[in-house]
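Descriptive structure summary
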Amino acid sequence: LWRMENGKVAEHWDCITPQHSETASGRSQVDGVIEVSDLDKTAENKELVKRFVAEVLIPENFSKMGDYIKDGLYHQHNPLVKDGPEALQEVIEVSGLKNHKIHRTVGEGNFVLTQCEGVWKDNPVAIYDLFRVHQGHIVEH
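The shown structure was predicted, so the numbers you read here are calculated from the model rather than taken from an experiment.

Conventions and cut-offs
Residues numbered from 1 in each chain as written. Predicted model: local features only at pLDDT ≥ 70, side-chain atom pairs only at ≥ 80, totals over all residues. Heavy atoms only, no water. Helix = DSSP H or I, 4+ residues; strand = E, 2+ residues; numbered from the N terminus. Expected span 1.5 Å × (residues − 1). Buried < 20%, exposed > 50% of the residue type's maximum accessible area, 1.4 Å probe, protein only. Arc of directions from axis to C-beta. Contact = heavy atoms within 4.5 Å.

A few points about the environment of S28
With respect to the element layout, S28 can be found in the loop between β2 (8-12) and α1 (42-57). In sequence terms S28 and M4 are 24 residues apart; their C-alpha atoms lie 31 Å from each other.

Description of α1
Each α-helix winds once per 3.6 residues, and so residues spaced three or four apart point in a common direction. The terminal C-alpha atoms of α1, which comprises 16 residues, lie 21 Å apart, in line with the 22 Å expected from a rise of 1.5 Å per residue. Those residues of α1 not exposed but buried are T42, N45, L48, V49, F52, V53, V56 and L57. For α1, the angular spread of buried residues about the axis comes to 130°, placing them on one side. The exposed residues of α1 that point more than 90 degrees off its buried face are A43 and E44. Where α1 is buried, its residues touch α2 (85-95), β3 (98-108), β4 (111-120), β5 (123-134) and β6 (137-140).

Here we look at α2
Within α2, the full set of buried residues consists of P85, A87, L88 and I92. Projected down its long axis, α2 shows its buried positions confined to an angular sector of 160°, all on one face. Exposed residues lying more than 90 degrees from the buried face of α2 are E86, E90 and V94. Elements that come into contact with the buried residues of α2 comprise α1. A positive backbone phi angle near 80° is found at G96, which sits one or two residues after α2.

Considerations on unusual backbone geometry
For D38, which is not a glycine, the phi torsion comes out positive at approximately 55°. Mapped onto the fold, D38 is located in the loop between β2 and α1. Assessed through its relative accessible area of 29%, D38 is described here as partly exposed. The residue E60 is not glycine, and still its phi comes out positive at about 55°. Structurally, E60 is set in the loop between α1 and α2. Residue class for E60 comes out partly exposed when judged on its relative accessible area of 23%.

By themselves these figures say nothing about function.
This is the structure we're talking about:
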């Protein structure tokens, strides 16, 4: 993420995940839908994702997962996580990854990125998650 000020770069943040040739879901880290759509729903989609992180991921309240992920449809591109909400819950519980705070939510149409801080293996980490929203539900990460 870049923040511009007076036409110049003022800040830059990034997170890096090594590219994997094999993933738990069987898809790559970069395949899938890439076309931005639903531009008129940008604000609504950003709010949906922000609520998902605040109500499900941060408190680890997985009973609310169905409010955000429709009928278990959740395609995963994280190399260590299988598809589906159950796999997401399992990896969060087992890995010790904890989201603590949302710093930014950036979106365009059906794509929404959150920038959070958290802890993994007792170390502070930056967490960037890019979600795709379809018809009011998160369908891809």
